[in-house]
Amino acid sequence: MIIAEKKPIEEIIDEVKDFNRILILGCNECVTVCEAGGKKEVEVLSSALRMYFITKGDEKVIDEKTLERQCDHEYLEELRGNIDDYDAIVSLACGVGVQFAAEKYLTTPLFPGVNTVCLGANEDRGLWTERCQACGSCILARTGGICPVSRCAKRVMNGPCGGSTNGKCEISKDVDCAWQLIVDRLNALNKMGDYEKVAPIKDWSTDRAGGPRTVTREDVKI
């Protein structure tokens, strides 16, 4: 799941203060689950902006809408009929949704209302932790389903570094050493033989840091 966090309202106010008709646009997918950009958050942000501008004696129209997804042409088309009613849009979708909406409605200023943080899992209410960096060449089959790319501070690919102490990472005593987790998992699976194998050099050419990628239906066809 894509994890995002709310931007400071001061930052959003600074972006939209010169516009009179503003749409706060939510997304009913990942940002709803992580409580950053769903319908509830749209309502809260809209109310806060209205109150702020009223106190400044600045009358603005601030409307609300939440789409099923902002990373999908079909749902973004729902804005087509009234996009010209607004001087600006604040999108509470992840960075993907913000960019997709901006590309679709080129003449409407569009501002992000959240910061996209990572791909993560929900460990507890209000607690998400990174589990994947979308490197494009998954090695989880060799590491017991635990990713050293996202969970090792150094992205070490062949076992714990010298900074690992008592199963914890040297960056913090509260952070588990990813490779200790991998070893423990492989032991539980009786697959320590996998740990003994020489790992091939990882192909980083497919990593998201290498530039934009386009994935076709044929690429994911089963």
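About the thresholds
Residues numbered from 1 in each chain as written. Predicted model: local features only at pLDDT ≥ 70, side-chain atom pairs only at ≥ 80, totals over all residues. Heavy atoms only, no water. Helix = DSSP H or I, 4+ residues; strand = E, 2+ residues; numbered from the N terminus. Buried < 20%, exposed > 50% of the residue type's maximum accessible area, 1.4 Å probe, protein only. Pairing = 2+ DSSP bridges. Axes fitted to C-alpha atoms, helices over the stretch in contact; angles between N-to-C directions. Contact = heavy atoms within 4.5 Å. pLDDT = per-residue confidence, 0-100. Left-handed = near helix turned anticlockwise from the far one by under 90°. Nonpolar A, V, L, I, M, F, W, Y, C, P; charged D, E, K, R; others polar. Phe/Tyr/Trp six-rings, centres within 6.5 Å; stacked < 30°, edge-to-face > 60°.

**Concerning unusual backbone geometry**
For Arg-155, which is not a glycine, the phi torsion comes out positive at approximately 55 degrees. Residue placement: Arg-155 occurs in the loop between α6 (148-151) and α7 (178-188). With a relative accessible area of 31%, Arg-155 lands in the partly exposed category. Despite not being glycine, Asn-190 has its phi angle at roughly 55 degrees, a positive value. With respect to the element layout, Asn-190 can be found in the loop between α7 and α8 (192-196). Taking the relative accessible area as the measure of exposure, Asn-190 reaches 72% and is therefore exposed.

**Concerning the sheet that holds strand β2 (residues 21-27)**
Pairing within the open sheet is parallel, and its four strands lie in the order β3-β2-β4-β5. The open sheet terminates on both sides in strands that have one partner only, identified here as β3 (61-67) and β5 (110-112). For this sheet the average axis-to-axis angle between neighbouring strands, irrespective of direction, equals 25 degrees. Relative to strand β4 (residues 88-91), β2 runs parallel, the two sharing four bridges. In the sheet register, Ile-22 faces β4, and the bridge partner there is Ala-88. Packing of helix α3 (residues 39-55) onto the sheet brings it into contact with β2, β3 and β4, and relative to β3 it is tilted by some 170 degrees.

**Considering the confidence of the model for the protein chain**
When pLDDT is averaged along the protein chain, the result is 89; 93% of the residues meet or exceed 70. Mean pLDDT values for the elements of the protein chain range from 84 in strand β7 (residues 127-132) up to 98 in β2.

**Some remarks on the packing of helix α1 (residues 9-16) against α3**
Two numbers describe how α1 lies on α3: the axes approach to 11 Å, and their chain directions differ by 65 degrees. You can see that α1 and α3 cross each other, and the crossing is right-handed. Together, Ile-9, Ile-12, Ile-13 and Val-16 of α1 and Leu-45, Ala-48, Leu-49, Tyr-52 and Phe-53 of α3 make up the contact between the two elements. Of the residues in the contact of α1 with α3, the class split is nine nonpolar, no polar and no charged.

**Quick word on the environment of Ala-153**
Counting through the fold element by element, Ala-153 comes out in the loop between α6 and α7. Taking the C-alpha atoms as reference, Ala-153 lies 7.9 Å from Cys-169; in sequence the two are 16 residues apart. In contact with Ala-153, not counting residues within four places along its chain, are Cys-169 and Ile-171.

**With respect to the packing of aromatic side chains**
In this structure the tally under the stated criterion is three aromatic pairs. Ring centres 5.8 Å apart and planes at 55 degrees place the aromatic pair Phe-19 and Phe-111 in the tilted group. In this pair, Phe-19 sits in the loop between α1 and β2 while Phe-111 sits in strand β5, placing the two residues 92 residues apart along the sequence. Among the residues examined, Phe-111 registers a relative accessible area of 16% and is labelled buried. Consider the rings of Tyr-52 and Phe-53, whose centres lie 5.1 Å apart with planes at 80 degrees: the pair is edge-to-face.

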